[in-house]
Amino acid sequence: MAALVSDEQASREPSTGGSGDRVLVTDLDGTLLGGDRTDRRRLRQALDRHPELTVVFATGRSLPSVEGILRGDPLVPSPGGSSRTSARV
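Residues numbered from 1 in each chain as written. Predicted model: local features only at pLDDT ≥ 70, side-chain atom pairs only at ≥ 80, totals over all residues. Heavy atoms only, no water.

**Let's talk about helix α3 (residues 37–48)**
Owing to its 3.6 residues per turn, the α-helix brings residues three or four apart onto one side.
Line of reasoning, step 1. Its 12 residues place the ends of α3 16 Å apart at the C-alpha level, agreeing with the 16 Å of an ideal helix rising 1.5 Å per residue.
Line of reasoning, step 2. When α3 is considered as a whole, its buried residues turn out to be Arg-40, Arg-44 and Leu-47. One face of α3 carries all of its buried residues, which in axial projection span an arc of 60 degrees.
Line of reasoning, step 3. N-cap assignment for α3: the residue whose side-chain oxygen lies 3.1 Å from the backbone N of Thr-38 is Asp-36. (Helix = DSSP H or I, 4+ residues; strand = E, 2+ residues; numbered from the N terminus. Expected span 1.5 Å × (residues − 1). Buried < 20%, exposed > 50% of the residue type's maximum accessible area, 1.4 Å probe, protein only. Arc of directions from axis to C-beta. Polar contact = N/O pair within 3.5 Å; in protein donor to acceptor, adjacent residues only side chain to side chain.)

**Thoughts on the pattern of salt bridges**
Line of reasoning, step 1. Inspection of every chain in the model, using the stated rule, returns five salt bridges.
Line of reasoning, step 2. Of the charged contacts in the structure, one is a salt bridge between Arg-61 and Asp-29, with a shortest N-O distance of 2.8 Å. With a gap of 32 residues between them, Arg-61 in the loop between β2 (53–57) and α4 (63–72) and Asp-29 in helix α2 (residues 28–32) connect regions that are remote in the sequence.
Line of reasoning, step 3. When its relative accessible area of 39% is taken as the criterion, Asp-29 is described as partly exposed.
Line of reasoning, step 4. Across the pair Asp-39 and Arg-42 runs a salt bridge whose closest N-O atoms are separated by 3.9 Å. Placement of the pair is Asp-39 and Arg-42 together in helix α3, with a separation of three residues, close to one helical turn.
Line of reasoning, step 5. What makes Asp-39 partly exposed here is its relative accessible area of 40%.
Line of reasoning, step 6. On the basis of relative accessibility, which here comes to 56%, the residue Arg-42 falls in the exposed class. (Salt bridge = Lys/Arg side-chain N within 4 Å of Asp/Glu carboxyl O.)

Written as structure tokens, this is what we have:
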């Protein structure tokens, strides 16, 4: 179950248990593939500013479909690490 937090709590650096790594689980359709190109670029830039995030896709798409998106859309970050890491699907 998700917990609701205030803006002040959300802006604080979370406790990570010492590792500093965090996981972002996201859908593709309507999330990373939603909106116009400007919105998607802003989201990608926000993700690029947080290399400690490991991106994980939760999607109903097939593996070949996700691989095609990763090859063809530079605004979609590679899963398994920051946007600068290689894709592991």
